[in-house]
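# Notes for the structure review
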Amino acid sequence: MAGLLLSLLSASTSVFNWGMNPLLLTQMASLLESFTLLLALSEKVRILQYRYEQAERESQHDALTGIGNRRLLERWFKRWSNSDDSRQRLWVILIDIDNFKEVNDIHGHRAGDQVLQQLADMMTQLSRPQDILVRYGGEEFLLLAESPEPKYVVALAERLRQRFARTPHTLNDIQIPHTISLGISELQPDEDKPLEQALMRADKALYQAKDAGKNRVVMN
Ligand SMILES: Nc1nc2c(ncn2[C@@H]2O[C@H](COP(=O)(O)OP(=O)(O)OP(=O)(O)O)[C@@H](O)[C@H]2O)c(=O)[nH]1
């Protein structure tokens, strides 16, 4: 590159008869070479930074559904705990697809995957941009939502439950009906390991919902 620039410079010197001295030309060429090297280096840094950010993004998201994973949840919670913003009450909603094994057994694993994607899309549509959506386990999802009152959280969970129940997944003209059970618990920032404790309570509520016949919301 610098060689090419040097030839161009020499050519233009003879064309315009600038009469530049050869030492100056060499110095300019070396300067151009350094500049070219710097450009190439900054492009490499830009590419590396992009790849790093992409890897970071991928490490915090679920490949199948595109929503967050546990890592995203933990990072977000750390930031939330350390922030001094006037915090609202925070709620954990655990969501589990009912009888999901049957969906896989009857319609196949691919159909099961599509049902997981459908639920993730529905969660994205019904939640607010500031809510945290996470695929928490195989067929278990989690929604972290701020709300001053429990009734709004229950209403959100109910909307999700009803929408999912009345939107069966269609595969090759076959309708696959499905439902979800949901367990809710409030996060108590002052207790020891608040996220873990809230998750345990939400899990308990979820199992109460399952025990009571599934397709329902229980708050603990
Ligand atoms: N298609 C698909 N299935 C998955 C995935 N991860 C977990 N599963 C399946 O999810 C099913 C979970 O089954 P169970 O734990 O028995 O739960 P369930 O059948 O939903 O029963 P209840 O929770 O009691 O309603 C298993 O069959 C797993 O193979 C996945 O990524 N894709």
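What you see is a predicted model; the values in this text were computed from it and never measured.

The rules behind the values
The residue count restarts for each chain, going from 1 along the sequence in the order it is written. Selection of residues for local features in this predicted model requires a pLDDT of at least 70, selection of side-chain atom pairs for listing and counting requires 80 or more, and totals for whole chains, interfaces and linings are taken over all residues. Side-chain numbers here rest on the full set of heavy atoms in the structure, without hydrogens or water. Think of it this way: DSSP has to see at least two bridges between two strands before they count as a pair. Secondary structure elements are taken from DSSP: a helix is a run of H or I of four residues or more, a strand is a run of E of two residues or more, and numbering for both begins at the N terminus. An axis is simply a line fitted to the C-alpha atoms; with a helix, the fit covers only the stretch in contact. Between two such axes, the angle follows the N-to-C directions and lies from 0 to 180 degrees. Note on contacts: a residue pair qualifies if any of its non-hydrogen atoms lie within 4.5 Å across the two residues. UniProt positions are given in the numbering used here, feature names are shortened, and annotations may be inferred rather than shown by experiment. Partly exposed describes any residue whose relative accessible area lies between the buried limit of under 20% and the exposed limit of over 50%, with all areas from a 1.4 Å probe on protein chains only and scaled to the type maximum. A single heavy atom is enough: if one lies within 4 Å of a molecule or strand, its residue is considered near that molecule or strand. Identification of polar contacts relies on pairs of N or O atoms within 3.5 Å, with a donor-acceptor requirement for protein atoms, meaning one able to donate a hydrogen and the other able to accept it, and with residues adjacent in sequence counted only if both atoms are side-chain atoms. Note that accessible areas follow from Shrake-Rupley with a 1.4 Å probe, and for residues the cover is restricted to the protein chains shown. Each residue is assigned to one of three groups, with Ala, Val, Leu, Ile, Met, Phe, Trp, Tyr, Cys and Pro labelled nonpolar, Asp, Glu, Lys and Arg labelled charged, and all others, Gly among them, labelled polar. In what follows, roughly perpendicular refers to angles from 65 to 115 degrees, roughly parallel to angles under 35, roughly antiparallel to angles over 145, and oblique to any angle outside these ranges. For any helix crossing, the convention is left-handed if the near helix is rotated counterclockwise from the far helix by under a right angle, and right-handed if that rotation is clockwise.

Whether parallel or antiparallel, the strands of a sheet pair through hydrogen bonds between backbone atoms. In space, the five strands of this open sheet follow the order β2-β3-β1-β6-β7, with mixed pairing throughout. Taken across any chain shown, the strands that pair with only one partner, and hence form the sheet edges, are β2 (132-135) and β7 (217-219). Across the sheet, the axes of successive neighbouring strands diverge by a mean angle of 20 degrees, strand direction being ignored. Sheet topology note: the strand β1 (residues 90-97)/strand β3 (residues 140-146) ladder contains seven bridges and is antiparallel. Its bridge partner being in β3, I93 is matched across the sheet by L143. The strands touched by helix α5 (residues 109-126) within the sheet are β1, β2, β3 and β6 (180-187), with β3 carrying the most contacts at an inclination of about 5 degrees.

Sites flagged by UniProt as "domain: GGDEF" (unreviewed entry) map to residues 88-220. Taken end to end, residues 88-220 is 45% helix and 27% strand, and its first and last C-alpha atoms sit 19 Å apart.

Quick look at the pairing of β2 now. Residue alternation in β2 divides its side chains into two sets, I132 and V134 and L133 and R135, and both sets are buried. In this structure, β2 lies alongside β3, joined through four bridges in antiparallel fashion. Each residue of the ladder has a partner; that of L133, found in β3, is L143. In sequence, β2 turns back onto β3 through a hairpin of four residues.

This part takes up the site of the ligand. Neighbouring residues of the ligand: 16 residues in total, closest N99, F100, N104, D113 and R135. Interatomic distance of 3.1 Å between a backbone N/O atom of H109 and a nitrogen atom of the ligand. At 2.7 Å from an oxygen atom of the ligand is found a side-chain nitrogen or oxygen belonging to R135. Contact with the protein chains hides 65% of the accessible area of the ligand, taken as 670 Å² for the molecule alone. Contributions of two or more residues to the shell around the ligand are made by β1, α4 (100-107) and α5. Here the shell around the ligand takes four residues from α5, the largest share from any one element. Its residues placed into classes, the shell around the ligand shows three nonpolar, five polar and eight charged.

The next subject is the packing of α5 against helix α6 (residues 150-165). The relative placement of two packed helices is expressed as an angle between their axes plus a distance between the axes. In contact at an axis separation of 10 Å, α5 and α6 are set at 140 degrees when each is read in the N-to-C sense. When the axis of α5 is compared with that of α6, the two are oblique. The crossing of α5 and α6 is right-handed. Residue-level inspection shows V115, Q118, L119, M122, M123, Q125 and L126 of α5 in contact with α6, the latter providing L156, R159, L160, R163 and F164. The residue makeup of the contact of α5 with α6, split by class, is eight nonpolar, two polar and two charged.

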